[in-house]
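Next come the chains, spelled out residue by residue.
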Amino acid sequence: NLPTIPNGLQRAGSQAKEVVDTPPIRKKAALVSLVRNTDLFGMRKTIRQIEDRFNYKYNYPYIFLNDVPFTEEFKKGIQSLTSSNVTFDTLDSESWGYPPWIDREKAKQARDKADYINGKSESYRFMCRFQSGYVYRHPLLKNLDFYWRIEPDVKYFCDIDYDPFDFMAKNKKVYGWNMAPNEYMKTIPTLWKVTKDFMKEYPEHINENNLLKWATNEKGEYNGCHFWTNFEVVDLKFYRSKAYSDYFNFLDKSGGFFYERWGDAPVHTLAVAMFLSKDQVHFFKDIGYYHPAMGSCPKDSDRIGKCVCNPKEHNQMSYGCVRSWLDLK
Ligand code: GDP
Ligand code: MN
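Quick caveat: nothing in here was measured; it's all calculated off a predicted structure.

Overview of the overall build of the chain
Of the regular secondary structure elements, the chain holds 12 helices and 10 strands. Computed over C-alpha atoms, the radius of gyration of the chain comes to 19 Å, within 12% of the 20 Å expected from 2.2 N^0.38 for 329 residues, which places it in the range of a compact globule. Principal-axis analysis of the C-alpha atoms places the extent of the chain at approximately 60 × 50 × 35 Å. Here the chain holds 329 residues, and 39% of them are scored as buried. Of the contacts formed within the chain by residues at least 6 apart in sequence, a portion of 83% connects residues at least 24 apart.

Next up, the structure:
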(Lines give C-alpha, C1' and ligand atoms only; values in the text may rest on other atoms or scores of the structure.)
(Ligands and ions follow the chains in the order given, each with its own letter.)
Protein backbone atom coordinates (compact mmCIF):
# COMPACT_ATOMS: atom_id res chain seq x y z
CA ASN A 1 0.00 0.00 0.00
CA LEU A 2 1.98 2.86 -1.38
CA PRO A 3 0.90 6.44 -1.14
CA THR A 4 -0.64 7.80 -4.29
CA ILE A 5 -0.81 11.48 -5.03
CA PRO A 6 -4.45 12.47 -5.47
CA ASN A 7 -4.75 14.09 -8.86
CA GLY A 8 -6.00 17.39 -7.55
CA LEU A 9 -2.90 17.82 -5.45
CA GLN A 10 -0.40 17.52 -8.25
CA ARG A 11 1.43 20.74 -8.56
CA ALA A 12 1.55 22.95 -11.58
CA GLY A 13 4.78 22.53 -13.46
CA SER A 14 5.47 19.11 -12.02
CA GLN A 15 6.05 16.27 -14.43
CA ALA A 16 3.74 14.28 -12.19
CA LYS A 17 0.73 15.69 -13.98
CA GLU A 18 1.60 13.54 -17.00
CA VAL A 19 1.17 10.39 -14.96
CA VAL A 20 -1.89 8.45 -15.92
CA ASP A 21 -4.25 8.44 -12.96
CA THR A 22 -4.23 4.71 -12.34
CA PRO A 23 -2.97 2.71 -9.38
CA PRO A 24 0.82 2.73 -9.10
CA ILE A 25 2.76 0.13 -11.01
CA ARG A 26 5.23 -1.21 -8.51
CA LYS A 27 8.19 -2.05 -10.70
CA LYS A 28 11.18 -3.99 -9.50
CA ALA A 29 13.59 -1.15 -9.17
CA ALA A 30 16.53 0.04 -7.11
CA LEU A 31 18.85 2.94 -6.46
CA VAL A 32 22.25 1.79 -7.64
CA SER A 33 25.74 3.14 -7.12
CA LEU A 34 29.26 2.09 -7.88
CA VAL A 35 31.20 3.70 -5.12
CA ARG A 36 34.47 3.70 -3.17
CA ASN A 37 34.84 3.16 0.57
CA THR A 38 36.30 6.66 0.73
CA ASP A 39 33.01 8.03 -0.62
CA LEU A 40 31.15 7.03 2.55
CA PHE A 41 30.42 10.53 3.76
CA GLY A 42 29.58 11.83 0.31
CA MET A 43 27.24 8.88 -0.17
CA ARG A 44 25.61 9.49 3.19
CA LYS A 45 24.79 13.03 2.09
CA THR A 46 23.20 11.71 -1.08
CA ILE A 47 21.16 9.06 0.69
CA ARG A 48 19.94 11.44 3.37
CA GLN A 49 18.47 13.61 0.61
CA ILE A 50 17.09 10.73 -1.44
CA GLU A 51 15.38 9.42 1.70
CA ASP A 52 13.99 12.78 2.82
CA ARG A 53 12.99 13.95 -0.63
CA PHE A 54 11.60 10.71 -1.99
CA ASN A 55 12.38 7.27 -0.74
CA TYR A 56 10.91 7.39 2.77
CA LYS A 57 7.56 7.05 0.99
CA TYR A 58 8.57 4.32 -1.44
CA ASN A 59 11.29 2.27 0.21
CA TYR A 60 13.10 1.25 -2.91
CA PRO A 61 16.17 -0.87 -2.16
CA TYR A 62 19.74 0.33 -2.60
CA ILE A 63 22.54 -1.59 -4.27
CA PHE A 64 26.18 -0.62 -3.75
CA LEU A 65 28.98 -2.02 -5.86
CA ASN A 66 32.72 -1.66 -5.44
CA ASP A 67 35.87 -3.03 -7.06
CA VAL A 68 37.21 -3.86 -3.58
CA PRO A 69 35.21 -5.21 -0.61
CA PHE A 70 33.18 -2.63 1.28
CA THR A 71 34.38 -1.99 4.81
CA GLU A 72 32.12 -2.66 7.78
CA GLU A 73 32.24 1.06 8.46
CA PHE A 74 30.89 1.79 4.99
CA LYS A 75 28.09 -0.75 5.25
CA LYS A 76 26.99 0.40 8.68
CA GLY A 77 27.26 4.04 7.75
CA ILE A 78 24.93 3.51 4.81
CA GLN A 79 22.47 1.08 6.32
CA SER A 80 21.91 3.30 9.35
CA LEU A 81 20.31 5.98 7.16
CA THR A 82 17.49 3.94 5.70
CA SER A 83 14.97 1.28 6.55
CA SER A 84 15.08 0.07 2.95
CA ASN A 85 16.88 -3.07 1.98
CA VAL A 86 20.55 -2.40 1.18
CA THR A 87 22.90 -4.85 -0.50
CA PHE A 88 26.62 -4.60 -1.18
CA ASP A 89 28.84 -6.52 -3.54
CA THR A 90 32.34 -6.67 -4.94
CA LEU A 91 32.90 -6.79 -8.71
CA ASP A 92 34.54 -9.68 -10.51
CA SER A 93 37.70 -9.23 -12.56
CA GLU A 94 35.88 -9.36 -15.89
CA SER A 95 33.73 -6.35 -15.16
CA TRP A 96 36.57 -4.33 -13.61
CA GLY A 97 39.81 -4.49 -15.54
CA TYR A 98 41.25 -5.07 -18.99
CA PRO A 99 39.71 -7.36 -21.56
CA PRO A 100 42.38 -9.69 -22.96
CA TRP A 101 42.78 -7.91 -26.31
CA ILE A 102 43.91 -4.63 -24.79
CA ASP A 103 47.58 -3.73 -25.19
CA ARG A 104 48.39 -2.49 -21.70
CA GLU A 105 51.59 -0.76 -22.75
CA LYS A 106 49.69 1.20 -25.39
CA ALA A 107 47.03 2.02 -22.78
CA LYS A 108 49.70 3.29 -20.41
CA GLN A 109 51.23 5.48 -23.10
CA ALA A 110 47.82 6.94 -23.81
CA ARG A 111 47.38 7.77 -20.11
CA ASP A 112 50.81 9.30 -19.85
CA LYS A 113 50.18 11.78 -22.59
CA ALA A 114 46.53 12.52 -21.78
CA ASP A 115 46.07 16.19 -20.81
CA TYR A 116 42.37 16.24 -19.97
CA ILE A 117 40.27 15.58 -16.89
CA ASN A 118 40.88 12.10 -15.41
CA GLY A 119 43.11 11.43 -18.41
CA LYS A 120 45.92 9.93 -16.37
CA SER A 121 43.68 7.68 -14.32
CA GLU A 122 43.48 3.96 -15.01
CA SER A 123 40.69 3.34 -12.48
CA TYR A 124 38.53 6.05 -14.04
CA ARG A 125 38.67 4.09 -17.29
CA PHE A 126 37.69 0.87 -15.51
CA MET A 127 34.83 2.80 -13.96
CA CYS A 128 33.58 4.15 -17.30
CA ARG A 129 33.81 0.74 -18.95
CA PHE A 130 31.95 -0.86 -16.05
CA GLN A 131 29.17 1.72 -16.16
CA SER A 132 28.97 1.35 -19.95
CA GLY A 133 28.84 -2.39 -20.24
CA TYR A 134 28.60 -4.24 -16.95
CA VAL A 135 26.54 -2.60 -14.26
CA TYR A 136 23.18 -3.78 -15.64
CA ARG A 137 24.48 -7.37 -15.84
CA HIS A 138 25.54 -7.55 -12.22
CA PRO A 139 23.81 -10.44 -10.37
CA LEU A 140 22.25 -8.09 -7.81
CA LEU A 141 20.47 -6.26 -10.65
CA LYS A 142 19.32 -9.43 -12.33
CA ASN A 143 15.70 -9.25 -11.26
CA LEU A 144 15.32 -5.51 -11.65
CA ASP A 145 13.18 -3.83 -14.28
CA PHE A 146 14.57 -0.34 -13.66
CA TYR A 147 17.50 1.32 -11.99
CA TRP A 148 18.15 4.85 -10.82
CA ARG A 149 21.81 5.65 -10.65
CA ILE A 150 23.02 7.71 -7.72
CA GLU A 151 26.41 9.15 -6.82
CA PRO A 152 28.11 10.54 -3.74
CA ASP A 153 28.12 14.30 -3.11
CA VAL A 154 25.20 15.19 -5.31
CA LYS A 155 22.26 17.33 -4.29
CA TYR A 156 18.58 16.69 -4.78
CA PHE A 157 17.20 20.20 -4.51
CA CYS A 158 13.46 19.47 -4.43
CA ASP A 159 10.92 16.99 -3.11
CA ILE A 160 10.13 14.28 -5.60
CA ASP A 161 6.52 13.67 -4.77
CA TYR A 162 5.80 10.94 -7.29
CA ASP A 163 7.54 7.75 -8.27
CA PRO A 164 9.86 8.21 -11.28
CA PHE A 165 9.89 4.43 -11.87
CA ASP A 166 6.10 4.36 -11.94
CA PHE A 167 6.11 7.38 -14.23
CA MET A 168 8.54 5.68 -16.61
CA ALA A 169 6.57 2.44 -16.65
CA LYS A 170 3.19 4.07 -17.21
CA ASN A 171 4.43 6.39 -19.90
CA LYS A 172 6.52 3.70 -21.65
CA LYS A 173 9.70 5.64 -21.08
CA VAL A 174 12.97 3.79 -21.49
CA TYR A 175 15.61 6.38 -20.61
CA GLY A 176 15.26 9.25 -18.14
CA TRP A 177 17.81 12.05 -17.67
CA ASN A 178 17.98 15.47 -16.10
CA MET A 179 21.16 17.17 -17.32
CA ALA A 180 22.75 17.39 -20.74
CA PRO A 181 26.11 19.16 -20.99
CA ASN A 182 28.79 18.95 -23.69
CA GLU A 183 31.59 16.39 -23.70
CA TYR A 184 35.32 17.18 -23.71
CA MET A 185 35.98 15.98 -27.23
CA LYS A 186 39.61 15.20 -26.36
CA THR A 187 38.36 12.23 -24.36
CA ILE A 188 36.59 10.62 -27.35
CA PRO A 189 38.59 11.31 -30.55
CA THR A 190 37.41 8.15 -32.35
CA LEU A 191 34.12 7.34 -30.59
CA TRP A 192 32.06 8.76 -33.42
CA LYS A 193 34.03 6.98 -36.13
CA VAL A 194 33.68 3.66 -34.33
CA THR A 195 29.97 4.37 -33.82
CA LYS A 196 29.53 5.04 -37.54
CA ASP A 197 31.31 1.75 -38.31
CA PHE A 198 28.91 0.05 -35.89
CA MET A 199 25.90 1.56 -37.67
CA LYS A 200 27.20 0.29 -41.01
CA GLU A 201 27.60 -3.18 -39.62
CA TYR A 202 24.31 -3.29 -37.69
CA PRO A 203 21.82 -1.16 -39.62
CA GLU A 204 19.00 -3.33 -38.24
CA HIS A 205 19.51 -1.83 -34.78
CA ILE A 206 18.98 1.79 -35.80
CA ASN A 207 15.58 3.22 -34.87
CA GLU A 208 13.69 4.81 -37.76
CA ASN A 209 12.82 7.75 -35.56
CA ASN A 210 16.21 7.95 -33.91
CA LEU A 211 17.67 10.96 -32.15
CA LEU A 212 20.88 11.29 -34.12
CA LYS A 213 19.83 14.69 -35.37
CA TRP A 214 20.04 15.93 -31.78
CA ALA A 215 23.45 14.32 -31.21
CA THR A 216 25.17 15.50 -34.40
CA ASN A 217 26.21 18.82 -35.92
CA GLU A 218 25.72 20.22 -39.41
CA LYS A 219 28.70 18.16 -40.65
CA GLY A 220 27.04 14.99 -39.42
CA GLU A 221 29.58 14.46 -36.62
CA TYR A 222 28.85 13.80 -32.96
CA ASN A 223 28.37 17.18 -31.30
CA GLY A 224 29.29 16.06 -27.77
CA CYS A 225 25.80 16.46 -26.28
CA HIS A 226 25.33 13.83 -23.64
CA PHE A 227 23.00 12.89 -20.84
CA TRP A 228 24.92 13.19 -17.61
CA THR A 229 24.82 9.62 -16.39
CA ASN A 230 25.52 10.34 -12.72
CA PHE A 231 21.71 10.65 -12.71
CA GLU A 232 19.80 8.30 -14.94
CA VAL A 233 16.60 6.28 -14.57
CA VAL A 234 16.58 3.45 -17.06
CA ASP A 235 14.43 0.54 -18.12
CA LEU A 236 17.12 -2.14 -17.94
CA LYS A 237 15.65 -3.97 -20.93
CA PHE A 238 17.37 -1.24 -22.91
CA TYR A 239 20.87 -2.15 -21.73
CA ARG A 240 20.10 -5.85 -21.90
CA SER A 241 18.95 -5.58 -25.51
CA LYS A 242 20.79 -7.15 -28.43
CA ALA A 243 21.30 -3.69 -29.92
CA TYR A 244 22.96 -2.30 -26.82
CA SER A 245 25.16 -5.31 -26.19
CA ASP A 246 26.26 -5.42 -29.84
CA TYR A 247 27.16 -1.75 -29.50
CA PHE A 248 29.05 -2.15 -26.23
CA ASN A 249 30.99 -5.17 -27.54
CA PHE A 250 31.85 -3.29 -30.72
CA LEU A 251 33.15 -0.32 -28.74
CA ASP A 252 34.99 -2.51 -26.25
CA LYS A 253 36.78 -4.37 -29.06
CA SER A 254 38.03 -1.10 -30.50
CA GLY A 255 39.87 -0.33 -27.26
CA GLY A 256 38.72 3.27 -26.90
CA PHE A 257 37.85 2.88 -23.23
CA PHE A 258 41.62 2.50 -22.68
CA TYR A 259 43.46 4.07 -25.61
CA GLU A 260 41.26 7.13 -25.22
CA ARG A 261 39.03 7.83 -22.22
CA TRP A 262 35.51 7.22 -23.35
CA GLY A 263 32.98 8.14 -20.71
CA ASP A 264 29.89 6.07 -20.08
CA ALA A 265 27.83 9.22 -20.63
CA PRO A 266 28.57 9.68 -24.36
CA VAL A 267 28.33 5.90 -24.79
CA HIS A 268 24.88 5.68 -23.19
CA THR A 269 23.82 8.81 -25.05
CA LEU A 270 24.85 7.59 -28.49
CA ALA A 271 23.05 4.32 -27.78
CA VAL A 272 19.90 6.23 -26.82
CA ALA A 273 20.29 8.39 -29.92
CA MET A 274 20.56 5.37 -32.23
CA PHE A 275 18.08 2.97 -30.66
CA LEU A 276 15.28 5.07 -29.21
CA SER A 277 12.78 7.65 -30.38
CA LYS A 278 12.05 10.90 -28.60
CA ASP A 279 8.87 9.69 -26.93
CA GLN A 280 10.83 6.90 -25.20
CA VAL A 281 13.22 9.35 -23.58
CA HIS A 282 12.18 11.51 -20.67
CA PHE A 283 13.73 14.76 -19.48
CA PHE A 284 13.11 14.93 -15.71
CA LYS A 285 13.27 18.70 -15.69
CA ASP A 286 11.35 18.84 -12.42
CA ILE A 287 14.06 16.90 -10.55
CA GLY A 288 16.29 19.64 -9.17
CA TYR A 289 19.81 18.29 -9.08
CA TYR A 290 23.44 19.17 -8.62
CA HIS A 291 26.57 17.15 -9.26
CA PRO A 292 29.87 18.91 -8.59
CA ALA A 293 30.42 21.50 -11.31
CA MET A 294 26.84 21.83 -12.51
CA GLY A 295 23.24 21.87 -11.42
CA SER A 296 19.70 22.10 -12.67
CA CYS A 297 17.09 24.05 -10.75
CA PRO A 298 13.49 23.87 -12.00
CA LYS A 299 12.33 27.28 -13.13
CA ASP A 300 9.23 27.09 -10.93
CA SER A 301 11.31 26.03 -7.93
CA ASP A 302 9.74 28.76 -5.81
CA ARG A 303 6.39 26.99 -6.12
CA ILE A 304 7.15 23.30 -6.39
CA GLY A 305 8.73 20.70 -4.18
CA LYS A 306 10.25 22.80 -1.39
CA CYS A 307 13.31 23.36 -3.59
CA VAL A 308 16.45 24.88 -2.13
CA CYS A 309 18.06 26.17 -5.30
CA ASN A 310 18.19 29.38 -7.25
CA PRO A 311 16.95 28.84 -10.80
CA LYS A 312 19.13 31.74 -12.00
CA GLU A 313 22.23 30.12 -10.57
CA HIS A 314 21.55 26.64 -11.97
CA ASN A 315 19.83 27.43 -15.21
CA GLN A 316 20.26 24.43 -17.37
CA MET A 317 17.69 25.62 -19.88
CA SER A 318 20.36 27.91 -21.29
CA TYR A 319 22.61 24.98 -22.29
CA GLY A 320 22.77 24.31 -26.00
CA CYS A 321 22.09 20.58 -25.69
CA VAL A 322 19.01 21.12 -23.51
CA ARG A 323 17.65 23.84 -25.78
CA SER A 324 18.13 21.69 -28.87
CA TRP A 325 16.43 18.79 -27.06
CA LEU A 326 13.41 20.93 -26.27
CA ASP A 327 13.29 22.19 -29.86
CA LEU A 328 13.69 18.72 -31.36
CA LYS A 329 10.63 17.61 -33.33
P1 GDP B 1 32.78 11.93 -12.30
O2 GDP B 1 31.34 11.97 -11.87
O3 GDP B 1 32.94 11.70 -13.76
O4 GDP B 1 33.56 13.07 -11.80
O5 GDP B 1 33.43 10.62 -11.62
P6 GDP B 1 33.36 10.15 -10.12
O7 GDP B 1 34.72 10.22 -9.54
O8 GDP B 1 32.25 10.83 -9.38
O9 GDP B 1 33.00 8.62 -10.31
C10 GDP B 1 31.73 8.20 -10.73
C11 GDP B 1 31.19 7.14 -9.76
O12 GDP B 1 32.03 6.00 -9.80
C13 GDP B 1 31.16 7.60 -8.31
O14 GDP B 1 30.04 7.01 -7.68
C15 GDP B 1 32.45 7.06 -7.74
O16 GDP B 1 32.34 6.76 -6.37
C17 GDP B 1 32.62 5.79 -8.55
N18 GDP B 1 34.03 5.47 -8.76
C19 GDP B 1 34.95 6.16 -9.47
N20 GDP B 1 36.15 5.55 -9.44
C21 GDP B 1 35.98 4.42 -8.70
C22 GDP B 1 36.87 3.37 -8.28
O23 GDP B 1 38.04 3.31 -8.61
N24 GDP B 1 36.30 2.39 -7.50
C25 GDP B 1 34.98 2.40 -7.13
N26 GDP B 1 34.54 1.42 -6.34
N27 GDP B 1 34.15 3.39 -7.50
C28 GDP B 1 34.63 4.38 -8.27
MN1 MN C 1 30.60 11.99 -9.95
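Structural notes on the UniProt feature "active site" (unreviewed entry) in the chain
The residues that UniProt annotates with the feature "active site" (unreviewed entry) are Glu232. On the secondary structure map, Glu232 appears in strand 7 (residues 232–235).

Quick notes on the sheet that holds strand 9 (residues 289–291)
What the three strands build is an open sheet, ordered 5-9-10; its pairing is antiparallel. With partners counted over all chains shown, the strands left at the sheet margins are strand 5 (155–156) and strand 10 (294–296), one partner each. When strand 5 meets strand 9, the two strands line up antiparallel, connected through two bridges. Across the sheet, residue Tyr156 finds its bridge partner in strand 9, namely Tyr289.

A word on the site of ligand 1
Inspection of the region around ligand 1 gives 13 residues, with Val35, Asn66, Ser123, Met127 and Glu151 positioned closest. For the shell around ligand 1, the secondary structure elements donating two or more residues are strand 1 (29–34) and helix 4 (122–133). Here the shell around ligand 1 gets three residues from one element, more than from any other, and that element is helix 4. Counted by class, the shell around ligand 1 contains five nonpolar, four polar and four charged residues.

Some points on helix 4
Compared with an ideal rise of 1.5 Å per residue, which puts 12 residues at 16 Å, helix 4 spans 17 Å between its outermost C-alpha atoms and is within 8% of the ideal. Within helix 4 the residues assigned to the buried category are Arg125, Phe126, Cys128, Arg129, Phe130, Gln131, Ser132 and Gly133. Structurally, helix 4 contributes buried residues whose contacts are with strand 1, helix 9 (242–254), helix 10 (256–259) and helix 11 (264–275).

Considering the packing of helix 9 against helix 11
Relative orientation of the contacting elements helix 9 and helix 11 amounts to 135°, with a least axis distance of 11 Å. Judged by the inter-axis angle, helix 9 sits oblique to helix 11. Considering the relative orientation of helix 9 and helix 11, their crossing is right-handed. Only Val267, Ala271 and Phe275 of helix 11 make contact with helix 9, whose side of the interface consists of Ala243, Tyr244, Tyr247 and Leu251. Residues that form the contact of helix 9 with helix 11 fall into these classes: seven nonpolar, no polar and no charged.

Let's talk about the nonpolar core
In this structure, Ala30, Leu31, Val32, Phe146, Tyr147, Ala180 and Ala271 are the most contacted members of the largest nonpolar core, which totals 80 residues. The greatest single-element share of this core, amounting to eight residues, is contributed by helix 11. When residues no more than four places from it in sequence are discounted, the contact partners of Leu31 are Ile50, Tyr60, Tyr62, Trp148 and Ile150.

What counts, and where the lines are drawn
- Residues numbered from 1 in each chain as written.
- Chains lettered and ligands numbered in written order.
- Predicted model: local features only at pLDDT ≥ 70, side-chain atom pairs only at ≥ 80, totals over all residues.
- Helix = DSSP H or I, 4+ residues; strand = E, 2+ residues; numbered from the N terminus.
- Rg over C-alpha atoms; globule rule 2.2 N^0.38 Å.
- Buried ≥ 20, exposed ≤ 12 C-beta atoms within 10 Å, placed from the backbone.
- Contact = placed C-beta atoms within 7 Å.
- UniProt positions renumbered as here; feature names shortened; annotations may be inferred.
- Pairing = 2+ DSSP bridges.
- Near = placed C-beta within 6 Å.
- Nonpolar A, V, L, I, M, F, W, Y, C, P; charged D, E, K, R; others polar.
- Expected span 1.5 Å × (residues − 1).
- Axes fitted to C-alpha atoms, helices over the stretch in contact; angles between N-to-C directions.
- Parallel < 35°, antiparallel > 145°, perpendicular 65-115°, else oblique.
- Left-handed = near helix turned anticlockwise from the far one by under 90°.
- Core = buried A, V, L, I, M, F, W, Y, C linked by C-beta atoms within 7 Å.

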